[in-house]
Amino acid sequence: MNIVHISAECFPAAKAGGLADVVGALPKYQNILGHKASVIMPHYYTKFRSENQYKAVFNGGARLGHHTYSFQVFQLLNENLGFDIYSIDIPGLFDRDKIYSYPDDTERFLTFQIAALNWLNTLKNIPDLVHCHDQHTGFIPFMMSKVWDYQRLKDIPTVFTIHNGQYQGQFGFDRIHYLPPFHSYFYGLVEWDGLINPLASAIKCAWKVTTVSPSYMDEIGYSMRGLESLLRAERNKSTGILNGIDNDVWNPETDTPLEKNYSIKTVESGKKANKNWLCKEFNLNPDLPLFIFIGRLVVEKGADIIPDVVYRMNTEHPGEQNILILGSGEPHIEQGLLKLEADFKGTYCSYIGYNEKLSHIMYAGADFILMPSRVEPCGLNQLYALRYGTVPVVRRTGGLKDTVIDLGDGGFGICHDQVESWDVINSINRAKAFFSRQNAFKQNRKTIMEIDHSWNRAAQEYLELYKTL
Ligand code: ADP
Ligand code: GLC
């Protein structure tokens, strides 16, 4: 099968979060299973771009309303990835170093989608299946089936994966002329609640809709920023497929940023060396259990309660644990975290920013990872943590509920139900009690490192789904 993924992110070319990790691994595993999977993404002007070689494969134009952009499709020359990346360079829109958060993101990603289809439309061998990811590619299923220019592509099945339903990309009907011409009879297929909504359009028009965990699929039927009834209506064509992880990239035995590599056999000495490095770097006490948080500092991740958790742990239970945070996001959360550093030197530190290398050492050196998410469609951090022998402390929601079983239920992690400081604190105290039972704690490390969350299973599940189309 010739499968084309279309996405705003793809590791290692451009990453803001888990979307990149998924799109940077699933095609590789699909190729291993004997198919031909590739990725189409925007050509951002990042460090990755300047450090890698590309070959131009197509020149074209994309019209957005009254403006025509010229674009160029580049193929990344890198045989080690295990799949092809085609990135679309659209000067004026993507010649910037960040992926998102520009005022013209609507124009940027809509032009990207039009350019991608203009290019696919010219290919002699059109794909057997197009798999789109998140709202930045949400108009593709609609355009392939209803836009006059793309009638050649209308019989190609489309799959749309919702990685995060919080972001929907809505805009007003004053910009309806941005979409290439189609019969006005189909306005309803791009509309939701009086606005043009790419996520809603994808849910209506894709042949199949998936979410990145089964529990998230159930949850969005009653909570997804106004789209609940649509999701319930389209439930028959929707399914939840739990993400995997790329075991080649996330492997404590070979991971290059680590201070010391380790296997299940050498986990104790390996984790100790990485923890010592972190404690030295961030002025923490290596004898205490180390709790980490890695991620976007946003309300969705429960990051807003972390400053309070840090304050209360250090005042109510001083000197009993270390807490180390890596993340960036809402300025008030960043400032809240930074402000606490002066008061709790020696047991608390935060690194505000994005640092891929540091994240790997943290997964390796920590004892526990905190994930008090309000919404977590899948969550990859807990899966990486398990592979590195770090115990997840999570709120039971979405993918966290599907992948972490509480110690009290015969499992290996610590779970709570509320996004409230008291509930997280309670879990941290349970974790510390577990840490003090060193024999059981060490045995659990080995157990969790053996859990297999590799992409082999999930890649196969996607292929089964494609075959039904
Ligand atoms: P989301 O995609 O919602 O942010 P996921 O758990 O799916 O959450 O994936 C987050 C990914 O981004 C993981 O690979 C995590 O290690 C990485 N990550 C998040 N924040 C940072 C950061 N500040 N520095 C380095 N890596 C980060
Ligand atoms: C989104 C979700 C996260 C998920 C990731 C990859 O960013 O927030 O839970 O793991 O996509 O699917």
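Quick note: structure is the one above.
What counts as what
- Residues numbered from 1 in each chain as written.
- Chains lettered and ligands numbered in written order.
- Predicted model: local features only at pLDDT ≥ 70, side-chain atom pairs only at ≥ 80, totals over all residues.
- Heavy atoms only, no water.
- Buried < 20%, exposed > 50% of the residue type's maximum accessible area, 1.4 Å probe, protein only.
- Helix = DSSP H or I, 4+ residues; strand = E, 2+ residues; numbered from the N terminus.
- Contact = heavy atoms within 4.5 Å.
- Polar contact = N/O pair within 3.5 Å; in protein donor to acceptor, adjacent residues only side chain to side chain.
- Near = heavy atom within 4 Å.
- Areas by Shrake-Rupley, 256 points an atom, 1.4 Å probe, with all protein chains shown as cover.
- Nonpolar A, V, L, I, M, F, W, Y, C, P; charged D, E, K, R; others polar.
- Domains from an automatic or database assignment.
- Phe/Tyr/Trp six-rings, centres within 6.5 Å; stacked < 30°, edge-to-face > 60°.
- Lys NZ or Arg CZ within 6 Å of the ring centre and 35° of its normal.

Burial runs high along helix α6 (residues 198–205): 8 of the 8 residues are buried. Of all the residues in α6, the buried ones are P198, L199, A200, S201, A202, I203, K204 and C205. Where α6 is buried, its residues contact α5 (140–146), β7 (158–162), β8 (191–192), β9 (195–196), β10 (208–211) and α8 (228–233). Between the side-chain oxygen at the start of α6 and the backbone nitrogen of L199 there is a gap of 3.0 Å, and the oxygen is on N197.

As a further point, take the site of ligand 1. In the vicinity of ligand 1, 20 residues are found, and the nearest of them are G18, D21, R296, K301 and Y363. Here K301 contributes a side-chain N or O atom positioned 2.8 Å from an oxygen atom of ligand 1. At 2.8 Å, a backbone N or O of L380 approaches an oxygen atom of ligand 1. Relative to its unbound accessible area of 570 Å², ligand 1 is 93% covered by the protein chains. When residues of the shell around ligand 1 are traced back to their parent elements, those giving at least two are α1 (18–23), β12 (290–297), β13 (322–329), α12 (356–365) and α13 (381–387). Among the residues making up the shell around ligand 1, the classes are represented as 6 nonpolar, 9 polar and 5 charged. Both domains that furnish three or more residues to the shell around ligand 1 are identified here as domain 1 (2–246 + 456–467) and domain 2 (267–452).

Enumeration over the complete set of coordinates arrives at 24 aromatic pairs. Taking the centre distance of 4.9 Å and the plane angle of 85 degrees together, the rings of F142 and F182 count as edge-to-face. Of this pair, F142 sits in helix α5 while F182 sits in the loop between β7 and β8, and the two are 40 residues apart along the sequence. Judged by relative accessible area, which is 11%, F182 ranks as buried. Relative to F441, the ring of F368 lies with its centre 5.5 Å away and its plane at 50 degrees, an arrangement referred to as tilted. Of this pair, F368 sits in strand β15 (residues 368–371) while F441 is found in helix α16 (residues 438–449), placing the two residues 73 residues apart along the sequence. The pair formed by F368 and F441 is uniform in burial state, with each residue classed as buried. By the ring-pair criterion, three or more aromatic residues cluster together here, those being Y44, F94, Y100, F109 and F112. A cation over a ring is seen here: R49 above Y45, with NZ or CZ 3.7 Å from the ring centre.

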